[in-house]
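# Topology and contacts: notes
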Amino acid sequence: MPYPLIPAAHLRLYPVSAIRAMEQASDNQQAPVSLMERAAAAAMRLVTTLMPEPGAVLILAGPGDNGGDAALLAAMLASAGYSVDICALLSGALSADSQASWQRCSHSSARRIQAEQLTAVHGYFPYQLIIDGLFGIGLSRPVSGLAADLIRAVNRASELQRIPVIALDIPSGLSADTGAVVGGTQGIAIRASHTLSFLGNKPGLHTADAKDYAGHVIIDFLEASVSADVRETGVLNCANTLPAMPKRAGNSHKGSFGDVLIAGGAAGMSGAVLLAARTALFSGAGRVYAGMLEAIATDYLHPELMCRPLQQHVLQKEIIVAGPGLGQSDSAATELARLIAANHTMVLDADALNLLAQQTPLQSALQQHTAEKILTPHPLEAARLLNWTVAEVQADRIAAASELAHRYQSVIILKGAGSVLCQPGNAQYRINTSGNPALATGGTGDVLAGLCGALLAQGLTAWDAACLACWLHGTAADDLCLNGTGPVGLTASELIPAIRRALNQHIALGQL
Ligand SMILES: NC(=O)C1=CN([C@@H]2O[C@H](COP(=O)(O)OP(=O)(O)OC[C@H]3O[C@@H](n4cnc5c(N)ncnc54)[C@H](OP(=O)(O)O)[C@@H]3O)[C@@H](O)[C@H]2O)[C@H](O)CC1
Ligand SMILES: [K+]
């Protein structure tokens, strides 16, 4: 589903350090109502909206202030007539706010229940709603032991019985900064249907594992004003943060919308070039060349494409999209070196990235390349470019994308669930909000690369082209899923006309 249009403040993404600074600033103001009271009241509003008739609620409460929020919510729900069981995993000292919350909870009708009673249940969970207040932004290590058993039991029951789960602030076990389950395959996290997050939006709710754990994300700012020195580090890439397309002059011709060369096509791989080339055509490039290293093909369905041997293509001033089906042969490397040396605005994808990762001379050539460029790695290609493992890339996708942008002085689209966009010399990243698992099929990367090429050809900067391309690509897949062409069986070819439709809609909306 396309992301709903939401106010700009919801789009800003704050790291935990910034959220802590907001918390501190608010504490310093000594407001009569504590942040914890406001957090619990916000949760109360959400619960009573989702479940207006009082019913049976299970609340999980951990040792920190996330548990304090949960304990206070338990007291509020109990006084409103809900039947509340609260399972506490406490350890160590409580903060003053948490102590007050637990006191209110113990004076309410909420019943304490032992974690072991829940982990022993293999059948029915007698609850209509579950609240997760085990760990918030204070999670400091993988969840293990009894807490992990509890999360496993809750995930199993909520999935089998379709019980909604509201995570307070962040699903317990997920990192608010990275969106990765802390501990990777050894870790565990709550699978929430809703996350009510406090004070500001967080990157970890939108990338990596977040799509499988956070559910619908709702932000409550707790009426705290953000002071000027607390800055977001990123924003969501969605319908209301997209750049506009340049207006098409009435007096224009095909030369007005730029030329794109797709460079790839090793033996058996002509399809990748054709997918990228067709996308460039359908998304507005004036002229599109399909340069094939070995597999010369003519696109009889789209004779507008100029298919030719890559080696014979004389470069002029076209945008170059290098990599779709290029292979990693010596001749592929030679051609890539020629393309980089021409110093055109470029998109590097697929095997162009693999060759770049392997060959130091290509890396040096890219350092001399001063025109703008976009690199579109998936996590494995990113890992090769960085000499990291895929697990390291996925454990912190924002750090990986930002390091790539710096190292390769390029705009980066790190693909995957919640694609991360970074640019050199600017720490502000974006996380793309559109797209779904239907895109996890061969050829969709070629389509994205061709789309970037077409937007560059029409005059967008590399950053604007990457942001718009990423969103259009995802939203086209979302639209196709809405009418049944996915999530299973969506093909890269079907994306192409859907992208054209989304792009024209974007242009039409911009002209309203
Ligand atoms: N910041 C805000 O805007 C507001 C915060 N509120 C809520 O408070 C939490 C943050 O509270 P905090 O106490 O800092 O942290 P947590 O509740 O997330 O958890 C910290 C405690 O958990 C222990 N811990 C951490 N990781 C693990 C683990 N894997 N297994 C077991 N225990 C763990 C940690 O122990 P340490 O040994 O690491 O110290 C702490 O005991 C925030 O998320 C909001 O929900 C507000 O009330 C609203 C405003
Ligand atoms: K939580």
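Residues numbered from 1 in each chain as written. Chains lettered and ligands numbered in written order. Predicted model: local features only at pLDDT ≥ 70, side-chain atom pairs only at ≥ 80, totals over all residues. Heavy atoms only, no water.

The local shell around ligand 1 holds 23 residues, among which Asn66, Asp69, Gly136, Asp169 and Leu199 are the closest. Contacts to ligand 1 include Ile137, whose backbone N or O atom sits 3.0 Å from an oxygen atom. At 2.8 Å from a nitrogen atom of ligand 1 is found a main-chain nitrogen or oxygen belonging to Arg141. Of all the elements in the fold, those that place two or more residues in the shell around ligand 1 are α2 (16-28), α3 (35-50) and α4 (65-79). Counted by class, the shell around ligand 1 contains 12 nonpolar, 5 polar and 6 charged residues. (Near = heavy atom within 4 Å. Polar contact = N/O pair within 3.5 Å; in protein donor to acceptor, adjacent residues only side chain to side chain. Helix = DSSP H or I, 4+ residues; strand = E, 2+ residues; numbered from the N terminus. Nonpolar A, V, L, I, M, F, W, Y, C, P; charged D, E, K, R; others polar.)

Moving on, we get to the coordination of the potassium ion (ligand 2). Geometrically, a metal with four donors at the corners of a regular tetrahedron has ideal angles of 109.5 degrees, and one with six donors at the corners of a regular octahedron has ideal angles of 90 or 180 degrees. Summarising the metal site, the potassium ion (ligand 2) is bound by the protein donors Asn66 (OD1), Asp132 (O), Asp132 (OD), Phe135 (O), Leu168 (O), Ile170 (O) and Ser172 (OG), whose distances to it range over 2.7 to 3.2 Å. A relative accessible area of 0% means that Ser172 is categorised as buried. (Donors = N, O, S within 2.8 Å, 3.2 Å for Na, K, Ca; no water. Buried < 20%, exposed > 50% of the residue type's maximum accessible area, 1.4 Å probe, protein only.)

Our next topic: the packing of aromatic side chains. Applying the stated rule across the entire model yields 1 aromatic pair. Here the aromatic rings of Phe125 and Tyr127 are separated by 6.0 Å at their centres, their planes lie at 80°, and the arrangement is edge-to-face. For the pair Phe125 and Tyr127, a shared accessibility class is recorded, and that class is buried. The residue whose ring lies beneath Arg191 is Tyr213, and the NZ or CZ to ring-centre distance is 4.5 Å. Over the ring of Phe257 we find Arg248; its NZ or CZ atom is 3.6 Å from the centre of that ring. (Phe/Tyr/Trp six-rings, centres within 6.5 Å; stacked < 30°, edge-to-face > 60°. Lys NZ or Arg CZ within 6 Å of the ring centre and 35° of its normal.)

Moving on, we come to the UniProt feature "binding site: K(+)" (unreviewed entry) in the protein chain. Feature annotation in UniProt assigns "binding site: K(+)" (unreviewed entry) to the following positions: Asn66, Asp132 and Ser172. On the basis of their most widely separated C-alpha atoms, the annotated residues across 107 residues gather in one place, lying no more than 9.4 Å apart. Inspection of the secondary structure assignment puts Asp132 in strand β5 (residues 129-133). Filtering out sequence-adjacent residues up to four positions away, Asp132 remains in contact with Leu60, Asn66, Val165, Ile166, Ala167, Leu168, Ile170, Pro171, Ser172 and Ile190. Tracing the backbone shows Ser172 in the loop between β6 (165-168) and β7 (194-198). Contacts of Ser172, omitting those with residues within four sequence positions, involve Asn66, Asp132, Leu134, Phe135, Ile151, Ile188, Ala189 and Ile190. From its side chain, Ser172 meets the backbone nitrogen of Phe135 in a polar contact 2.9 Å long. (UniProt positions renumbered as here; feature names shortened; annotations may be inferred. Contact = heavy atoms within 4.5 Å.)

What follows deals with the domain arrangement of the protein chain. When the parts of a complex come together, some accessible area is lost, and that lost area is often taken as the interface size. By domain assignment, the protein chain separates into domain 1 (8-233) and domain 2 (254-510). The straight-line distance from the C-alpha centre of domain 1 to that of domain 2 is 39 Å. Across the contact, 11 residues belong to domain 1 and 15 residues belong to domain 2. Of all residues in domain 1, Thr207, Lys211 and Thr233 give up the largest surface area on contact with domain 2, accounting jointly for 46% of the area buried on that side. On inspection of domain 1 and its partner domain 2, the count reaches 0 salt bridges. For the interface between domain 1 and domain 2, the tally reads 7 residue pairs in polar contact (both at pLDDT 80 or more). (Domains from an automatic or database assignment. Buried area = accessible area lost by both parts, 1.4 Å probe. Salt bridge = Lys/Arg side-chain N within 4 Å of Asp/Glu carboxyl O.)

Within the fold, Cys467 resides in helix α17 (residues 462-482). Dropping the residues within four chain positions of it, Cys467 is found in contact with Asn237, Leu242, Pro243, Leu421 and Arg430.

With that settled, consider the side chain of Asp169. Checked against the element boundaries, Asp169 lands in the loop between β6 and β7. At 2.9 Å, the side chain of Asp169 forms a polar contact with the backbone nitrogen of Phe198. Of the polar contacts made by the side chain of Asp169, one reaches the side chain of Lys202; its length is 3.1 Å. Once residues lying within four places of it in the same chain are set aside, the contact partners of Asp169 are Asn66, Ile137, Thr195, Leu196, Ser197, Phe198, Lys202 and Leu205.

On to the sheet that holds β5, then. Here we have 7 strands laid out as an open sheet, ordered β4-β3-β2-β5-β6-β7-β8, and parallel in their pairing. Only two strands of the sheet have a single partner each, and these edge strands are β4 (111-112) and β8 (216-220). Pairing geometry for strand β2 (residues 56-61) and strand β3 (residues 83-88), over 6 bridges, is parallel. Following the sheet pairing, Leu60 is matched in β3 by Cys87. (Pairing = 2+ DSSP bridges.)

We now examine the environment of Gln368. With respect to the helices and strands, the residue Gln368 is situated in helix α12 (residues 360-368). Using a relative accessible area of 61% as the deciding quantity, one classes Gln368 as exposed. Spatially, the C-alpha atom of Gln368 lies 8.8 Å from that of Ile340, the residues being 28 residues apart in sequence.

A few words on the confidence of the model for the protein chain. Looking at the protein chain as a whole, the pLDDT averages 95, with 98% of positions reaching at least 70. At the level of chain-chain contacts, confidence expressed as ipTM amounts to 0.98, with global pTM at 0.96. (pLDDT = per-residue confidence, 0-100.)

This part takes up the sheet that holds strand β11 (residues 287-292). Pairing within the open sheet is mixed, and its 11 strands lie in the order β1-β9-β18-β17-β16-β15-β14-β13-β10-β11-β12. Among the strands making up the open sheet, the edge pair consists of β1 (12-13) and β12 (306-309). Where strand β10 (residues 259-264) lies against β11, 6 bridges are found, and the strand directions are parallel. Among the inter-strand pairings, Leu261 is bridged to a residue of β11, identified as Tyr289. Running over the sheet, helix α15 (residues 397-408) touches β15 (373-375), β16 (411-414), β17 (420-423) and β18 (426-432) and is turned about 30° from β17. Taken strand by strand, helix α16 (residues 444-457) contacts β10, β13 (319-322), β14 (346-348), β15 and β16, and its axis lies near 170° from that of β13. (Axes fitted to C-alpha atoms, helices over the stretch in contact; angles between N-to-C directions.)

This part covers the environment of Val181. Its place among the elements puts Val181 in the loop between β6 and β7. For Val181, a relative accessible area of 9% gives the class buried. As a C-alpha pair, Val181 and Asp209 span 28 residues in sequence and 6.5 Å in three-dimensional space. Apart from residues no more than four positions distant in its own chain, Val181 is found in contact with Gly173, Leu174, Gly187, Ile188, Ala189, Asp209 and Tyr213.

Let's shift gears to the pattern of salt bridges. Counted under the stated rule, the structure contains 11 salt bridges. The partner of Arg45 in a salt bridge is Asp220, and the shortest N-O contact between them spans 3.1 Å. Of this pair, Arg45 sits in helix α3 while Asp220 sits in strand β8, and the two are 175 residues apart along the sequence.

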